[in-house]
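Structural features, examined
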Amino acid sequence: MTVPQTLAFCYLSLLWQREAITLSDLLRFVEEDHIPYINAFQHFPEQMKLYGRDRGIFGIESWPDYEDIYKKTIEVGTFLDLPRFPDITEDCYLHPNILCMKYLMEVNLPDEMHNLTCHVVKMTGMGEVDFLTFDPIAKMAKTVKYDVQAVAIIVVVLKLLFLLDDNLEWSLSNLAEKHNEKNKKDKPWFDFRKWYQIMKKAFDEKKQKWEEARAKYLWKSEKPLYYSFVDKPVAYKKREMVVNLQKQFSTLVDSTATAGKKSPSSFQFNWTEEDTDRTCFHGHSLQGVLKEKGQSLLTKNSLYWLSTQKFCRCYCTHVTTYEESNYSLSYQFILNIFSFLLRIKTSLLHEEVSLVEKKLFEKKYSVTKKKSRSKKARRH
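An account of the accompanying structure is given in this report. Note that the coordinates shown come from a computational prediction; the quantities given were computed from them, not determined experimentally.

1. Notes on the side chain of His114
Inspection of the secondary structure puts His114 in helix α6 (residues 113-124). In this structure the side chain of His114 is engaged in a polar contact, spanning 2.6 Å, whose partner is the backbone oxygen of Asn97. Other than its neighbours up to four places away in sequence, His114 contacts Asn97, Cys100, Met101 and Leu104.

Structure follows, in structure tokens:
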């Protein structure tokens, strides 16, 4: 059991208990030192002597990767021959309807969007118990990336509302701005441009702090690992020199005392109505982008562009490579925010968005598939 495999085993336990912690939360708690991972051996009792091969197991010098831990979770569950996990139902934290609400709150989007995310979940079948529940003994054992899936659903809803083509979202923002100026007493319409400006500032500040924390992180442990007892004096001498140098540099660079470690939280951004510096958009209306038709609401935007139309090898689940230059700046910005929140690669989120669209626009994809097949047939 390597350290990453142990972390995957921990996530399996949380999944079995249906705890209110996603995989991205778990990895972030590792990053924030709430869970021992880097230099975890420092927490072992003194009587446990680690040397030789132990160095290769516990000498971790990189952060855990989402995709790697996700794959190891499935591997460990399959290897242990575990039975089907407890059902992920609508009252469970990992259900997309609940997670979508959580991430809508975190990125300061209107509460009204939750009805639309629930509708997408229902249409795609992503809220079904059999789809969400992990079954290691199934023929094709797989579990859902619950957090990534929820965020991808929100991205799809944003595309349904605003298109995100670097044009329509700004036109709708102009209409919302004019309406809000004339009707200051009414419930304000959601202004995408204003949201973008506030979120970009908050995102840039948060990301800068994160990058600085990573740059300052001390990889070397207070209790060094060594290959044999012969190397022990040399290892401790080197460690003593490193500690002394770190103390001297920290005194020169920053004389202020470092703040204590904060308690773990599922939220990285907090938005309240009382915050006068930053607008809270939770209570804003989508009236500017929706229109009534009978007893139902439709989006004023009737267009939609698919994140990808190319899946490798006959419509399989693998999406072609994500290249930023092929997509609008608005789409890139939203992917970057959510990718940062989940600590995942932007390409992974883009792929999940494409899979949600594939389920939502099944007919559109099947038409594209037939056209590509007919073109190939004509060539031959």
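2. Let's talk about a nonpolar patch on the surface
On the surface, a cluster of nonpolar side chains totalling about 480 Å² of accessible area is made up of Met1, Phe9, Phe79 and Leu80. Tracing the sequence through the fold places Phe9 in helix α1 (residues 3-16). A residue is classified by how much of its surface remains accessible, and Phe9, at 39% relative accessible area, is partly exposed.

3. Here we look at the environment of Lys207
By the element assignment, Lys207 lies in helix α10 (residues 192-216). On the basis of relative accessible area, Lys207 is assigned to the partly exposed category, the value being 32%. Expressed as a C-alpha distance, the spacing of Lys207 and Ile337, which sit 130 residues apart in the sequence, is 9.5 Å.

4. Quick look at the environment of Trp170
The residue Trp170 is located in helix α9 (residues 168-182) in this model. The spatial distance from the C-alpha of Trp170 to the C-alpha of Phe192 is 7.1 Å, given a sequence separation of 22 residues. Apart from residues lying up to four places away in sequence, Trp170 is in contact with Phe192, Arg193, Tyr196 and Ser330.

5. Notes on the packing of aromatic side chains
Enumeration over the complete set of coordinates arrives at 21 aromatic pairs. Measuring from centroid to centroid gives 5.0 Å for Phe85 and Phe134, while their planes differ by 55°, and the two rings are tilted. In this pair, Phe85 is assigned in the loop between α4 (66-79) and α5 (96-106) and Phe134 in the loop between α7 (129-132) and α8 (146-162), connecting sequence segments 49 residues apart. For the pair Phe85 and Phe134, a shared accessibility class is recorded, and that class is buried. The ring of Trp271 is capped by Arg278, whose NZ or CZ atom sits 4.2 Å from the centre of that ring. It is Arg343 that lies over the ring of Phe340; its NZ or CZ is 4.4 Å from the centre.

6. Some points on the environment of Leu116
Residue placement: Leu116 occurs in helix α6. According to the relative accessible area criterion, Leu116 is partly exposed, its value standing at 24%. The spatial distance from the C-alpha of Leu116 to the C-alpha of Val157 is 6.7 Å, given a sequence separation of 41 residues. For Leu116, the residues in contact, after removing those within four places along its chain, are Val157, Leu161 and Leu286.

7. What about the pattern of salt bridges?
According to the stated counting rule, one finds 13 salt bridges in the structure shown. For Glu106, the salt bridge goes to Lys102, with nearest N and O atoms at 2.9 Å. Of the two residues, Glu106 and Lys102 both sit in helix α5, 4 residues apart, roughly one turn of that helix. For the pair formed by Glu106 and Lys102, the shared burial category is buried. Three or more residues are tied together by salt bridges with common partners; here these are Asp25, Arg28 and Glu32.

Scoring rules and cut-offs
- Residues numbered from 1 in each chain as written.
- Predicted model: local features only at pLDDT ≥ 70, side-chain atom pairs only at ≥ 80, totals over all residues.
- Heavy atoms only, no water.
- Helix = DSSP H or I, 4+ residues; strand = E, 2+ residues; numbered from the N terminus.
- Polar contact = N/O pair within 3.5 Å; in protein donor to acceptor, adjacent residues only side chain to side chain.
- Contact = heavy atoms within 4.5 Å.
- Patch = residues over 30% accessible without salt bridge, like charges linked within 9 Å, V, L, I, M, F, W, Y side chains within 5 Å.
- Areas by Shrake-Rupley, 256 points an atom, 1.4 Å probe, with all protein chains shown as cover.
- Salt bridge = Lys/Arg side-chain N within 4 Å of Asp/Glu carboxyl O.
- Buried < 20%, exposed > 50% of the residue type's maximum accessible area, 1.4 Å probe, protein only.
- Phe/Tyr/Trp six-rings, centres within 6.5 Å; stacked < 30°, edge-to-face > 60°.
- Lys NZ or Arg CZ within 6 Å of the ring centre and 35° of its normal.

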